[in-house]
Amino acid sequence: MYALQVKDLTKVYSSRIRAVDSISFNVESGEIFGLLGPNGAGKTTTIKMISTISRPTSGSILVFGVDAEKHPDKVRELIGYIPQSVSVDGDLTGYENLLIFSKLSYVSKKERDARIIFALEYMGLKERANELVKHYSGGMMRRLEIAQALVNRPKLLILDEPTIGLDPASKTKMWDYLKKMNREFGTTILLTTHDMAEADLLCHRIAIMNAGKIAAIGSPQELKMSVGVEMIKLCLDSSAIEKLVIPDELGKIIGYENSSVIISVENAEKKIPSIVEYLLKRGIKIESISFNKPTLNDVFLKYARVAFEEGESYSQARMTRRVFARRSR
Ligand SMILES: Nc1ncnc2c1ncn2[C@@H]1O[C@H](COP(=O)(O)OP(=O)(O)O)[C@@H](O)[C@H]1O
Ligand SMILES: [Mg+2]
């Protein structure tokens, strides 16, 4: 079953900007799916339409088979949406934030408390539940926003730039929480990111977005393989290079460079030990060894034909979060 089916989705703002230009993609139930693209690509506009916050100019959106245009309130019951900007109140405690949210989302009085405590515990915030949110770190605030979405038990969790402005340790922690939620509850996750490492490590599949269009869709591995092969460069004694034969299962010699031989392989990290063993057994001395793997950046360059640069509004978004945290202290 598809969690999400998006077809020919288009958004034209009044200023005639085609923010989203006839995009189509499906997200399988249980998947972590990422929209990856630079600033201005149309990611936020896309997920605002899916979250029923903004109406499409044309095209269709089905969330677990429910038409978002015809039944927006039914769709809202199925999803949790976490915007890019801070969406919790610094002058309330973590608990109070969740209490208000659960009332707003009609969680029954009977279930409310248990759900709030579960969500706080799940996101590692139980000990700090009664502290004012303005004393939380950026990472904790972001986790509280997810806890908030959890109160509603969404089948599809939608996050706009979940780790923007977080330090590397909080980022990693957030990835672990999202993976855990996906694994343990089978929650389908749709997120946007401009962070290639995030897309690569977290998402089962990604759609590369640029200028309102989807340039490519696939798993990070598939996309990387589609741009080029992995290569190992071995620097050997010149007499050894001339006679060198490599069995097919280890790789294929594709070129020579000074005193090096270049071998194309399928999975460089895995093949290196066998190649080293093969050479050592034959008494061939290795001067140096290096390898080269395509990255999502290479993928982006190939499909979107522009370099991937961090736009100004990302640094702005980060600033907003920092200023918010500072002001609230
Ligand atoms: N409310 C709006 N009115 C007019 N233009 C907008 C509005 N929101 C976004 N845009 C424009 O739509 C394009 C896509 O923006 P957005 O969806 O925010 O991209 P992303 O989230 O990928 O950075 C940009 O050119 C942006 O300036
Ligand atoms: Mg955005």
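Only a predicted model underlies this, so the values are computations on that prediction, with no experimental measurement involved.

A.B. asks: It is not clear to me how the packing of aromatic side chains should be interpreted in this structure. Could you clarify?
C.D. replies: Each aromatic ring pair is described using two quantities: the centre-to-centre distance and the angle formed by the ring planes. With the rule as written, the count across this model stands at 4 aromatic pairs. When the ring of Phe 118 is compared with that of Phe 185, the centres are 5.9 Å apart and the planes differ by 50 degrees; the resulting orientation is tilted. Here Phe 185 lies in helix 6 (residues 168–185) and Phe 118 lies in helix 4 (residues 109–122), a separation of 67 residues in the sequence. Connected via pairs of aromatic rings, a cluster forms that spans Phe 118, Tyr 122 and Phe 185.

A.B. asks: Got a minute to help me understand the nonpolar core in this structure?
C.D. replies: One broad rule of soluble globular proteins: the nonpolar side chains tend to lie buried together. Counting 45 residues, the largest nonpolar core has Leu 98, Met 123, Leu 144, Ile 146, Leu 157, Leu 159 and Leu 178 as its most contacted members. It is helix 5 (residues 138–151) that provides the largest number of residues to this core, a total of 8 residues.

A.B. asks: Honestly, the site of ligand 1 in this entry has me stumped. Any pointers?
C.D. replies: Near ligand 1, the surroundings consist of Tyr 13, Ile 17, Ala 19, Pro 38, Asn 39, Gly 40, Ala 41, Gly 42, Lys 43, Thr 44 and Thr 45. Ala 41 places a main-chain nitrogen or oxygen 3.1 Å from an oxygen atom of ligand 1. Side-chain polar atom of Thr 44 to an oxygen atom of ligand 1: 2.8 Å apart, as the coordinates give it. Coverage of ligand 1 by the protein chains reaches 62% of its 560 Å² of free accessible surface. A total of 3 residues in the shell around ligand 1 trace back to one element, the largest contributor, which is helix 1 (residues 43–50).

A.B. asks: Help me understand the pairing of strand 7 (residues 156–160) in this model?
C.D. replies: In regular strands, side chains alternate between the two faces of the sheet. Burial analysis of strand 7 places 5 of its 5 residues in the buried class, which makes it a mostly covered element. The two faces of strand 7 match: Leu 156, Ile 158 and Asp 160 on one face and Leu 157 and Leu 159 on the other face are all buried. Relative to strand 7, strand 6 (residues 79–82) runs parallel, the two sharing 4 bridges. Across the sheet, Ile 79 pairs through a bridge with Leu 156, a residue of strand 7. Direction of pairing for strand 7 relative to strand 8 (residues 188–193): parallel, over a ladder of 5 bridges. Directly across from Leu 159, in strand 8, lies its bridge partner Leu 191. A crossover links strand 7 with its parallel partner strand 8, the connecting element being helix 6, and its sense is right-handed.

A.B. asks: Would you take a moment to explain the pattern of salt bridges for this structure?
C.D. replies: When their charged atoms lie close together, side chains carrying opposite charge are able to pair. As enumerated under the stated definition, the model contains 18 salt bridges in all. Linking Glu 69 and Arg 55 is a salt bridge whose minimum nitrogen-to-oxygen distance equals 2.4 Å. Separated by 14 residues along the polypeptide, Glu 69 in the loop between strand 5 (66–67) and helix 2 (72–78) and Arg 55 in the loop between helix 1 and strand 4 (58–63) bring together distant segments of the chain. Assessed through its relative accessible area of 41%, Glu 69 is described here as partly exposed. Accessibility expressed as a relative area gives 62% for Arg 55, which makes it exposed. Residue Glu 111 is joined to Arg 115 by a salt bridge in which the shortest nitrogen-to-oxygen separation is 2.9 Å. Separated by 4 residues within a single helix, Glu 111 and Arg 115 lie in helix 4, roughly one turn from each other. The structure contains a network of salt bridges with shared partners spanning Arg 18, Asp 21 and Lys 213.

A.B. asks: What should I look at first to understand the sheet that holds strand 11 (residues 230–236) in this one?
C.D. replies: What holds strands together in a sheet is hydrogen bonding between their backbones, with the strands either parallel or antiparallel. Spatially, 12-13-11-14 is the arrangement adopted by the 4 strands of the open sheet, whose pairing is antiparallel. Unpaired on one side and paired on the other, strand 12 (252–257) and strand 14 (286–292) mark the two borders of the sheet. Shown here is a sheet whose adjacent strand axes are inclined to one another by a mean of 25 degrees, direction ignored. Alignment of strand 11 against strand 14, held across 6 bridges, turns out to be antiparallel. The partner of Leu 236 across the bridge, within strand 14, is Ile 286.

Scoring rules and cut-offs
- Residues numbered from 1 in each chain as written.
- Chains lettered and ligands numbered in written order.
- Predicted model: local features only at pLDDT ≥ 70, side-chain atom pairs only at ≥ 80, totals over all residues.
- Heavy atoms only, no water.
- Phe/Tyr/Trp six-rings, centres within 6.5 Å; stacked < 30°, edge-to-face > 60°.
- Helix = DSSP H or I, 4+ residues; strand = E, 2+ residues; numbered from the N terminus.
- Core = buried A, V, L, I, M, F, W, Y, C linked by side-chain atoms within 4.5 Å.
- Buried < 20%, exposed > 50% of the residue type's maximum accessible area, 1.4 Å probe, protein only.
- Near = heavy atom within 4 Å.
- Polar contact = N/O pair within 3.5 Å; in protein donor to acceptor, adjacent residues only side chain to side chain.
- Areas by Shrake-Rupley, 256 points an atom, 1.4 Å probe, with all protein chains shown as cover.
- Pairing = 2+ DSSP bridges.
- Right-handed = clockwise from strand over helix to strand, strands pointing away.
- Salt bridge = Lys/Arg side-chain N within 4 Å of Asp/Glu carboxyl O.
- Axes fitted to C-alpha atoms, helices over the stretch in contact; angles between N-to-C directions.

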